[in-house]
Amino acid sequence: MAQENKQEVTTHKIGVYLWIWGLLFVFSFFSYMVDYLNFEGLLRWALILLFMFAKAALIMAIFMHLFWERWTIVNVLLWPMSFILVFIGIMVAESEYTFFTRLFYFVVGT
Amino acid sequence: MDHVTDKLPKGLSGLTHDLGSDQTAFKKVPWGKAMMWIFLLSDTFIFSCFLISLMTARASTTVEWPNASEVFGLNFFGVEVPLLLIAIMTFVLITSSGTMAIAVKFGYEKKRKLCAWFLLLTAIGGLTFVGMQAFEWTKLIFHEGIRPWSNPFGAAQFGSFFFMVTGFHGTHVSIGVIFLFIMARKTWRGDFDTARRGYFTSMKSNYEAIEIMGLYWHFVDLVWVFIFAFFYLW
């Protein structure tokens, strides 16, 4: 059983990295185009998030080798990040409240 | 491949097996790599806090937020190109991430010199990035008059978030560049083939160190992806 922890060394074909590199270039170009072509509103935000998550996923899965790691470390690393979403939710509510009170007091006065 | 490790169950049953094995949980992960990942997870939370407070400040101010597309525009032969420098910085950092991934591959294949060359390329890419960032800061501070407490474009919080977020990221890049140069030298000298002891930790090391270095460097690139989206594009 002690040997279970023995490390193995696998390398991947250089083509894998070149492909991902190319895809990251393409996605970056697309997200730059979102700004260049002046997309507005929901479309802009959706596209920004789409390309951002696509790039992040490629970097983490392939460049950082998470795709080839065992599920234990993948789960231990990724689940805590869901707390970020909770924090975003809390702060959205908080900032809307702040915005409202500011507007209220700037208009009505103290 | 080791025939013993091949017998480990994969996927979900692998997860329960690893965690319930009453042994080390992260099987086939060197301890240095696990520690780097845990550090990166904590760093993720630090950058998340910065970006979430950016969101909070931006959503709660009644003054209009500066248009990043105009603030970071570059006059290129008389034509105003939005975000040009930032786009080039993005491509440079992605390229250095690609060379880093290839360096890790060559390291594990024990191609010492190729690995060192690609580490050096990565370091030069990072240095280029920091150089362009220094140019950007100089332009914004001395020509545009952006300060942490005020700026001519809109909401006063803009400056403090710009310096805080890009500054903290730039610090990460700079530290990475220093370590990339150190690792390139160690690799070139053959430290990882001869298991020469490090001058600082006095521990033997091997090519896993390149992968751990790579994790840090890809993380820096990863953070930039989010900064690019939330600070410059949003």
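Residues numbered from 1 in each chain as written. Chains lettered and ligands numbered in written order. Predicted model: local features only at pLDDT ≥ 70, side-chain atom pairs only at ≥ 80, totals over all residues.

Engineer: Outline the overall build of chain B, supporting the account with residue identities and numerical values.
Structural biologist: Counting secondary structure elements, chain B contains nine helices and two strands. Mapped in sequence order, the helices and strands of chain B form the string α-α-α-α-β-β-α-α-α-α-α. Dimensions of chain B, computed from C-alpha atoms along their principal axes, come out at roughly 65 × 40 × 30 Å. Split into buried and exposed, the 234 residues of chain B put 35% on the buried side. Residue pairs in contact within chain B that sit at least 24 positions apart in sequence constitute 67% of those at least 6 positions apart. (Helix = DSSP H or I, 4+ residues; strand = E, 2+ residues; numbered from the N terminus. Buried ≥ 20, exposed ≤ 12 C-beta atoms within 10 Å, placed from the backbone. Contact = placed C-beta atoms within 7 Å.)

Engineer: Account for the overall build of chain A, naming residues and giving values.
Structural biologist: The secondary structure content of chain A amounts to four helices and zero strands. Each helix and strand of chain A, ordered N terminal to C terminal, gives the series α-α-α-α. Relative to the compact-globule value of 13 Å for 110 residues, chain A shows a C-alpha radius of gyration of 22 Å, a clear excess of over 25%. If one aligns the C-alpha atoms of chain A with their principal axes, the spans along those axes are about 70 × 40 × 15 Å. For chain A, buried positions account for 17% of its 110 residues. (Rg over C-alpha atoms; globule rule 2.2 N^0.38 Å.)

Engineer: I'd like a description of the interface of chain B and chain A, backed by residues and values.
Structural biologist: Across the boundary between the two partners, chain B contributes 53 residues, which contact 50 residues of chain A. Of all the secondary-structure elements, those providing two or more residues to the side of chain B that touches chain A are α1 (3-6), α2 (11-19), α3 (31-60), α5 (84-108) and α9 (208-233) of chain B. Residues belonging to the side of chain B that touches chain A are distributed by class as follows: 31 nonpolar, 15 polar and seven charged. (Nonpolar A, V, L, I, M, F, W, Y, C, P; charged D, E, K, R; others polar.)

Engineer: Any details on the nonpolar core? Residues and values, ideally.
Structural biologist: Ranked by size, the top nonpolar core spans 67 residues in total, and within it B:Ala103, B:Leu119 and B:Phe228 carry the most contacts. Every element with two or more residues in this core is listed here: α1 (14-36) and α2 (41-63) of chain A together with α3, α5, α6 (112-143), α7 (157-189) and α9 of chain B. By residue number, the principal contributor to this core is α9(B), which donates 18 residues. Those residues in contact with B:Leu119 that sit more than four places away from it in its chain are B:Ala103, B:Leu180, B:Met183, B:Ala184 and B:Thr187. (Core = buried A, V, L, I, M, F, W, Y, C linked by C-beta atoms within 7 Å.)

Engineer: Now, about unusual backbone geometry: what can you tell me, with residues and values included?
Structural biologist: Residues and elements named next belong to chain A. Not every positive phi belongs to a glycine, and Asn38 is a case in point at roughly 60°. Structurally, Asn38 is set in the loop between α1 and α2. Asn38 sits in the exposed class, given 9 other C-beta atoms within 10 Å.

Engineer: Any chance you could break down the confidence of the model for chain A for me, citing the residues and the numbers?
Structural biologist: Model confidence for chain A is summarised by a mean pLDDT of 89, while 90% of its residues fall at 70 or above. In the model, residues 1-6 of chain A has pLDDT below 50 throughout and makes twelve contacts with residues more than four positions away in sequence or in other chains. (pLDDT = per-residue confidence, 0-100.)

Engineer: Before we move on, could you go through the packing of α5(B) against α9(B) and cite the residues and values that matter?
Structural biologist: Residues and elements named next belong to chain B. Orientation of α5 relative to α9, taken along the N-to-C sense of each, is 160°, at an axis distance of 9 Å. Taken together, the axes of α5 and α9 are roughly antiparallel relative to one another. For the crossing formed where α5 meets α9, the hand is left-handed. Between α5, through Ile86, Thr90, Leu93, Ile94, Ser97, Met100, Ala101, Ala103, Val104 and Gly107, and α9, the contact on the second element is made entirely by Ile210, Glu211, Gly214, Trp217, His218, Asp221, Trp224, Phe228 and Tyr232. (Axes fitted to C-alpha atoms, helices over the stretch in contact; angles between N-to-C directions. Parallel < 35°, antiparallel > 145°, perpendicular 65-115°, else oblique. Left-handed = near helix turned anticlockwise from the far one by under 90°.)

Engineer: So what about helix α4 (residues 82-108) of chain A? Which residues, and what values?
Structural biologist: Residue and element names in this part refer to chain A. With 27 residues, α4 extends 40 Å from end C-alpha to end C-alpha; this agrees with the ideal 39 Å at 1.5 Å per step. A small share of α4 lies buried, amounting to zero of its 27 residues. Just beyond α4, the residue with positive phi is Gly109, at close to 85°. (Expected span 1.5 Å × (residues − 1).)

Engineer: If you had to explain the confidence of the model for chain B to someone new, which residues and values would you point to?
Structural biologist: Here chain B averages 92 in pLDDT, while 97% of its residues score no lower than 70. Prediction confidence for the complex, expressed as pTM and ipTM, is 0.92 and 0.90 respectively.

Engineer: Could you give an account of the packing of α3(B) against α7(B), with specific residues and numbers?
Structural biologist: All names here are of chain B. Two elements in contact, α3 and α7, have axes separated by 11 Å at closest approach and are oriented at 170°. Accordingly, the angle class assigned to the pair α3 and α7 is roughly antiparallel. In this structure, the crossing between α3 and α7 has a hand that is left-handed. Of the residues in α7, those in contact with Phe50, Leu54 and Ala57 of α3 are Gln157, Phe161, Met164, Val165 and Phe168. Tallied by class, the residues present in the contact of α3 with α7 amount to seven nonpolar, one polar and no charged.

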